[in-house]
Amino acid sequence: MSRHFPIATVVAVALLATACSQGSATRGTTSDDGKITLRYFTFSAAPDHVKDLDKIEKAFEKENPKVDVVVETAPFDEYFTKLQTSIAGGTAPDAFELNYENFVTYASAGSLLDLGTVAGDGDTSVYAKESLNAFNRDGKQYALPASFSTVVLLYNKDLLKQAGVAEPTADWTWADEQAAAAKLTDKKKGVYGDFQPVQFFEFYKTLKQAGGEFLSADGKKSTFNSPAGVKAAEWLVSKVGKTMPTEAEIGGTADYDTNLFKSGKLAMWHNGIWQFAGLKDVPFEWDVVVEPGDANKASAVFHNAVAASATTKHGKEAWAWARFLSSSGTAATTRIESSWELPPVSDQQVLSGYLKDPKPANRQAVFDSLESIALPPVIKRQQEMQDAVTKQLGEAAAGRQSVEDALKAAASDVDALLG
């Protein structure tokens, strides 16, 4: 019988590293008839996809009748506090969901099981290679990619046609986008050629496109205050007030860019595939393409994965569940049909239903984005780092300081957080 309930809150909160050093163990349960209860903790299923997860769970239990999966959920803003608390208190779930940023932290703390030790002859070729590699550290597979979403370049085909501008291709560079955006911008009509937020998430990606790195190889120092960093920041800032509106014009309006695109007043838009569903009924033709690059191609891809606790007593069952949830035909089909992100699998047959949807026509670009992933830099004080970089880039975008000074200040802020 499937069961869904919020995970219990444990009073004491301790650091992950402390929990691991104390050797706390996940409490496994096995009934008299040998049936194993496997606890799984997730943030992405509730509230909209609990029924979808239940469908996947039932299919897994049918194939694995000796395993009873118990699903526990928490909202994202509470999830990691509760997960950390359970690990520290020795009550960690057997398997749990992680986004990439938090995966790095938990893997570094020794909180995750090396799935290779319990996988046996389990085949991982089903996964898109770059997605699988994102959750491999030091040659060990600490999690399996379960879902992903990516950022692409959306464009209004009607506006491009009216302006006599060729539609973007996968070979486009920044220069191609810049030239097209200039032709497409008509401020008298309130039409803008381009929109790309000037903030951390766009900067680390464009930095990768420019050939730069955000942090040193050992993660101890920022390296984005470089010629490549200046080029990336200038690429973002140069659009403001020219081919895209200024912050003053946006005026803090929520979903400004979404509404601008939907109203037919924005020609090109850097945004995620989560926007597709809301664009089904717009009164113009639109499509997508892999984002243009500079020295390199690089796409922002946001992953969620399934990991197992380092202290679980049911490692093989946790591996089996992680693999089923992340790559089975049932899981892939359920995710696609319910728009619950996308399965990062390599089998085009599994993805055929998603690819056949006519809006947008070039859905293949979503999977092509996986070929050149720009993973976000990760530090312990993650949110502070993101805020610091966004703040300084905003100063440059507003013209209150130069790009060079903004990056110098941002680098100083980030190095202080690292120190």
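Just so it is clear, the model here is predicted, and its values are computed rather than measured. Position numbers for residues count from 1 along each chain, tracking the sequence in the order it is written. Local features in this predicted model are restricted to residues whose pLDDT is 70 or higher, and side-chain atom pairs enter the listing and the counts only when it is 80 or higher, whereas totals over whole chains, interfaces and linings include all residues. Derived side-chain values reflect all non-hydrogen atoms in the structure, with water molecules and hydrogen atoms excluded from consideration.

This part is about the overall build of the protein. A run of DSSP states H or I qualifies as a helix once it reaches four residues; a run of E qualifies as a strand once it reaches two. Both are numbered from the N-terminal end. A tally of regular secondary structure across the protein gives 17 helices and twelve strands. Since a compact globule built from 419 residues should have a radius of gyration of about 22 Å, the 23 Å found for the protein is in line with a globular shape. Projected onto its principal axes, the C-alpha coordinates of the protein cover approximately 75 × 50 × 35 Å. Looking at the protein residue by residue over its 419 residues, the buried ones come to 53%. Atoms counted for the radius of gyration: C-alpha only. Globule rule: 2.2 Å times the number of residues to the power 0.38. Partly exposed residues are those whose accessible area sits between 20% and 50% of the maximum for their type, while under 20% is buried and over 50% is exposed, using a 1.4 Å probe and protein chains only.

Take the environment of Trp174 next. Within the secondary structure, Trp174 sits in helix H7 (residues 174-184). Measuring from C-alpha to C-alpha, the distance between Trp174 and Ala210 comes to 9.7 Å, with 36 residues separating the pair along the chain. By definition, residues are in contact when any of their heavy atoms lie within 4.5 Å. Here Trp174 is in contact with Thr206, Gln209, Ala210, Lys231, Ala232, Trp235, Pro292, Gly293 and Asp294, once residues within four sequence places are set aside. A distance of 3.0 Å separates a polar atom in the side chain of Trp174 from a polar atom in the side chain of Gln209. Here a polar contact means two N or O atoms within 3.5 Å. Within protein one must be a hydrogen donor candidate and the other an acceptor candidate, and residues neighboring in sequence count only if both atoms are side-chain atoms.

Moving on: the packing of aromatic side chains. When the centres of two rings from Phe, Tyr and Trp lie within 6.5 Å, Trp using its six-membered ring, the rings pair. Their planes under 30 degrees apart give stacked, over 60 give edge-to-face, and anything left gives tilted. Scanning all chains against the criterion turns up 29 aromatic pairs. Relative to Tyr106, the ring of Phe80 lies with its centre 6.4 Å away and its plane at 50 degrees, an arrangement referred to as tilted. Of this pair, Phe80 sits in helix H3 (residues 76-88) while Tyr106 is found in helix H4 (residues 100-108), placing the two residues 26 residues apart along the sequence. Both rings, one in Phe214 and one in Phe224, keep their centres 4.6 Å apart while their planes meet at 35 degrees; by these two values the pair is tilted. With Phe214 in the loop between helix H8 (200-209) and helix H9 (227-237) and Phe224 in the loop between H8 and H9, this residue pair connects regions lying ten residues apart in the sequence. Judged by relative accessible area, which is 5%, Phe214 ranks as buried. Owing to a relative accessible area of 0%, Phe224 belongs among the buried residues under this scheme.

What follows covers the packing of H8 against helix H16 (residues 382-397). Throughout, an axis means a line fitted to C-alpha atoms (over the contacting stretch in the case of helices), and angles, computed between N-to-C directions, take values from 0 to 180 degrees. In the contact formed by H8 and H16, the axes pass within 8 Å of each other and the chain directions differ by 85 degrees. In terms of orientation, H8 lies roughly perpendicular with respect to H16. Taken together, the residues of H16 that come into contact with H8 (itself represented by Phe200, Phe201 and Phe203) are Gln382, Met385, Gln386, Val389, Thr390 and Leu393. In the contact of H8 with H16, the residues fall into six nonpolar, three polar and no charged. Working definition: roughly parallel below 35 degrees, roughly antiparallel above 145 degrees, roughly perpendicular at 65 to 115 degrees, and oblique for all remaining angles. The nonpolar class holds Ala, Val, Leu, Ile, Met, Phe, Trp, Tyr, Cys and Pro. Asp, Glu, Lys and Arg form the charged class, and all remaining residues, Gly among them, are polar.

This part covers unusual backbone geometry. It is generally the case that most residues other than glycine have a negative phi and that most peptide bonds are trans. A cis amide bond, omega 0 degrees, links Ala46 with the succeeding residue Pro47. In the Ramachandran plot, Asp255 falls in the positive-phi region, its phi being about 55 degrees despite a non-glycine side chain. Counting through the fold element by element, Asp255 comes out in the loop between helix H10 (247-250) and helix H11 (256-262). Positioned with a positive phi, Glu341 is a non-glycine residue whose angle comes to about 55 degrees. The residue Glu341 is located in the loop between helix H13 (329-338) and helix H14 (352-356) in this model.

Moving residue by residue along a regular strand, the side chains alternate between the two faces of the sheet. Summarising burial for strand S8 (residues 143-156): 14 of the 14 residues are buried, a large majority. Whether two strands pair depends on DSSP finding at least two bridges between them. In terms of strand pairing, S8 meets strand S11 (residues 299-308) through seven bridges, oriented antiparallel. Considered in S11, the bridge of Ser147 is made with Asn304. Strand direction decides the pairing type here: S8 and strand S10 (residues 286-289), joined by four bridges, are antiparallel. Across the sheet, the residue bridging to Tyr155 is Asp287, located in S10.

Moving on, we come to H8. By the criterion of burial, H8 is predominantly enclosed, with eight of the ten residues buried. Between the side-chain oxygen of the N-cap and the backbone nitrogen of Phe201 there are 2.8 Å, and the N-cap of H8 in question is Gln199.

Take H3 next. Compared with the 18 Å implied by 1.5 Å per residue over 13 residues, the 19 Å span of H3 between its first and last C-alpha is a close match. Listed as buried for H3 are Tyr79, Phe80, Lys82, Leu83, Thr85, Ser86, Ile87 and Ala88. Positive phi shows up at Gly90, right after H3, with a value of about 75 degrees. Here the expected span of a helix is defined as 1.5 Å times the quantity of residues minus one.

What follows deals with the packing of H16 against helix H17 (residues 403-418). In the contact formed by H16 and H17, the axes pass within 8 Å of each other and the chain directions differ by 165 degrees. As summarised for this structure, H16 and H17 are arranged roughly antiparallel, according to the angle between their axes. Judged by the twist between their axes, the crossing of H16 over H17 is right-handed. Between H16 and H17, the contacting residues are Glu384, Met385, Ala388, Val389, Gln392, Leu393 and Ala396 on the first element and Val403, Ala406, Leu407, Ala409, Ala410, Asp413, Val414 and Leu417 on the second. For a crossing to be left-handed, the near helix must be turned anticlockwise from the far one by less than a right angle; the clockwise case is right-handed.

Turning to the nonpolar core, a few remarks are in order. Remark: nonpolar core denotes a set of buried residues (Ala, Val, Leu, Ile, Met, Phe, Trp, Tyr, Cys) joined through side-chain atoms within 4.5 Å. Phe203, Phe214, Phe224 and Trp321 are the most contacted members of the largest nonpolar core, which has 95 residues in total. Apart from the residues within four sequence positions on either side, Phe203 is in contact with Phe214, Phe224, Gly229, Ala232, Ala233, Leu236, Val389, Leu393 and Leu407.

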